[in-house]
Amino acid sequence: MMKQTLTKRKKFGYAFGIFTESLCYNMFYTYYLTFLNEIVGIQPKYSSIIIFISIMWDAITDPLIGNYTDRPGVDKRKVMKVSILPLAVVFVVAWTSIGAGLSSQLLKILLYTLLSMAIWVFYTMYSIPYYAVVAELTEDYDERTDIRSLSSLLNAACVGIANILPALVPTVATLLGRKYQSNAYAVIAAVISIMAVVLGFICCKSLEGVYTPKQPKDGETVEKVTLKSTFRAFADILRLKPTKWFLLFVFFFLAMSSMIQSNLTYMVIDCIGMKYDTGIVFVIISLVASMAIVVPIVEKVAQHYDRRFATILFLSIVLVLEILVKIVGLDAEIGGFKIMCIVSPAILGMGTGTFWTLFYPMGYDLVELNEFKTGERRESTITALPQLVQKFGSAFGILMAGQLLSAYGYDSSKDVAGNESLFTKVTDPQIIEGMENISTVIPAVILAVSLICVIVYPMTRARFDSLMVQLEKKRKGEEYTTEGFEKLL
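Reading guide: rules and limits
Residues numbered from 1 in each chain as written. Predicted model: local features only at pLDDT ≥ 70, side-chain atom pairs only at ≥ 80, totals over all residues. Heavy atoms only, no water. Salt bridge = Lys/Arg side-chain N within 4 Å of Asp/Glu carboxyl O. Helix = DSSP H or I, 4+ residues; strand = E, 2+ residues; numbered from the N terminus. Buried < 20%, exposed > 50% of the residue type's maximum accessible area, 1.4 Å probe, protein only. Axes fitted to C-alpha atoms, helices over the stretch in contact; angles between N-to-C directions. Parallel < 35°, antiparallel > 145°, perpendicular 65-115°, else oblique. Left-handed = near helix turned anticlockwise from the far one by under 90°. Contact = heavy atoms within 4.5 Å. Nonpolar A, V, L, I, M, F, W, Y, C, P; charged D, E, K, R; others polar. Polar contact = N/O pair within 3.5 Å; in protein donor to acceptor, adjacent residues only side chain to side chain. Phe/Tyr/Trp six-rings, centres within 6.5 Å; stacked < 30°, edge-to-face > 60°. Lys NZ or Arg CZ within 6 Å of the ring centre and 35° of its normal.

Chemist: What is the right way to look at the pattern of salt bridges in this model?
Modeler: Side-chain pairs of opposite charge can arise where the charged atoms are in close proximity. One pass over the structure, following the stated rule, counts 21 salt bridges. Of the charged contacts in the structure, one is a salt bridge between Lys76 and Glu136, with a shortest N-O distance of 2.5 Å. Taken together, the positions of Lys76 in helix H4 (residues 76–94) and Glu136 in helix H5 (residues 105–137) put the pair 60 residues apart, joining distant regions of the chain. Judged on exposure class, the residue Lys76 and its partner Glu136 are both buried. The closest approach of N and O atoms between Arg461 and Asp142, which form a salt bridge, is 3.0 Å. Of this pair, Arg461 sits in helix H18 (residues 461–475) while Asp142 sits in helix H6 (residues 141–167), and the two are 319 residues apart along the sequence. Taking the relative accessible area as the measure of exposure, Asp142 reaches 26% and is therefore partly exposed. Through salt bridges with shared partners, one network takes in Glu139, Arg144, Glu368, Glu371, Arg377, Glu379, Glu472 and Arg475.

Below, the structure is given as structure tokens:
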């Protein structure tokens, strides 16, 4: 294992890899529900099920890929490389309107479910080794935060690009003409995919010289990847005391954020009351600016105290602000300006900036705890488990958003599919109230549950430091104790 400090150049090279993961992730979670509803013409309750099924399928591949890339001799960098081009191609196809002309809802559902499933397989092949490799590059508590903070800062740019470019769909549709306008989303997806490919390969190149694949120990037999071995590895990790609280925190936070994110289009048009083209620009700029501002602040607080304290502090602020937005109302104005197009996404940006800066380093801490208990390092498996739960949470949030839209009475399936500019403003007050709830009070309740899980989560800097002292003794074959980190066991 390499423990030296990485150079700034290598850290930036690695951090650029976030573009490959985040561009596709954010365009999918913000716009795919809307795309399926408005362009393909699928009813919201079925659109959300498509996304839910595809991500649940990914839940099967997550542990297998994670367990595979933990095997001695497997090069995480090569796994990343292999996945980049297929991810880009499938991503573009999934945004085409090839199913819009189908009269059968069932056929549409089947087609876009399969395409979505393919996206998540290649996404997982890239993202698990991308995140897991940090735990192999360094064991330093603050350096792990530093690397993830830089990546998270660049992630703010990814969020902006992945949300602003699709907002140009009406303009692109006009340029394409009536015959091809239904594929405006595919054009945007192609631009994003090109960026993802270029920056993904830059990331892989940057790992040369600083990452060395684990090799089998003398006499060690490398076990084949099977469901049995995968479940056994997961069982070992789940037996770690901090794991359950960490995973619950991840699940509920992602459910909250994906619910808001998938509802952005309706929030802008129907709740805030702005034209889509104008409103979405304000929303995305505010979201990105908020993330860019909060990430370095979160990093400093985490380094001064620890990651758990920083998470509790900033997410508590987000919770209070979400409730205040509901009380004030998303249609609030100051001098005729719809202020919530800035305030509401800024709150979401504070939450997501905090989460993505601290989430993965919190998971890395479990690598050393698992090594102390079992003698094995499982960087990819420990990355795959929260990613699995992350996708469950995100899928659950989108599923709930779609089901709630239907429950409140919204149904776009009778609209004319294939017209990207067809975002008709809702006039029914019950539906508008429901859309506002999906962006404010309901996510706030889910966030409260997530916060409780972080508060109970026992991993702190002091306990991690005590763990590392004893782990080093155990590695050297010296006598060791559990003093200082008993609550982790």
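The discussion continues.
Chemist: What exactly am I supposed to notice about the packing of helix H12 (residues 276–304) against helix H14 (residues 340–374) here?
Modeler: Helices that pack against each other are described as a pair by the angle of their axes relative to one another and the distance between those axes. Taken N-terminus to C-terminus, the directions of H12 and H14 make an angle of 40°; their axes are 7 Å apart at the nearest point. Between H12 and H14, the angle is such that the two are oblique. Crossing of H12 against H14: the hand is right-handed. Contact residues: H12 offers Phe282, Val283, Ser286, Leu287, Ser290, Met291, Val294, Val295, Val298 and Ala302, while H14 offers Cys341, Ile342, Pro345, Ala346, Leu348, Gly349, Met350, Thr352, Gly353, Thr354, Thr357 and Leu358. Classifying every residue of the contact of H12 with H14 gives 15 nonpolar, seven polar and no charged.

Chemist: What exactly am I supposed to notice about the packing of helix H16 (residues 429–439) against helix H17 (residues 441–456) here?
Modeler: The N-to-C vectors of H16 and H17 enclose an angle of 25°; their axes lie 3 Å apart at closest approach. When the axis of H16 is compared with that of H17, the two are roughly parallel. Across the interface between the two elements, Asn437, Ile438 and Ser439 of H16 pack against Val441, Ile442 and Pro443 of H17.

Chemist: Would you explain the side chain of Glu139 in this entry?
Modeler: If you trace the backbone, Glu139 turns up in the loop between H5 and H6. Here the side chain of Glu139 touches Arg377 through a polar contact of 3.4 Å, side chain to side chain. Within the structure, the side chain of Glu139 is placed 2.8 Å from the side chain of Arg475, a separation counted as a polar contact.

Chemist: How do you make sense of the packing of aromatic side chains when you look at a structure like this?
Modeler: Any two aromatic rings considered together are summarised by their centre-to-centre distance and by the angle between their planes. Counting across every chain of the model gives 39 aromatic pairs. Aromatic side chains Phe28 and Tyr32 sit 4.6 Å apart centroid to centroid with 20° between the ring planes, which places their arrangement in the stacked category. With Phe28 and Tyr32 both in helix H2 (residues 18–40) and four residues apart, this pair spans about one turn of that helix. Look at Phe28 and you get buried, because its relative accessible area is 1%. Assessed through its relative accessible area of 0%, Tyr32 is described here as buried. In this structure, Arg307 is placed above the aromatic ring of Tyr141, and the distance from its NZ or CZ to the ring centre is 3.7 Å. A cation sits over an aromatic face here: Lys474 above Phe372, 4.9 Å from the ring centre.

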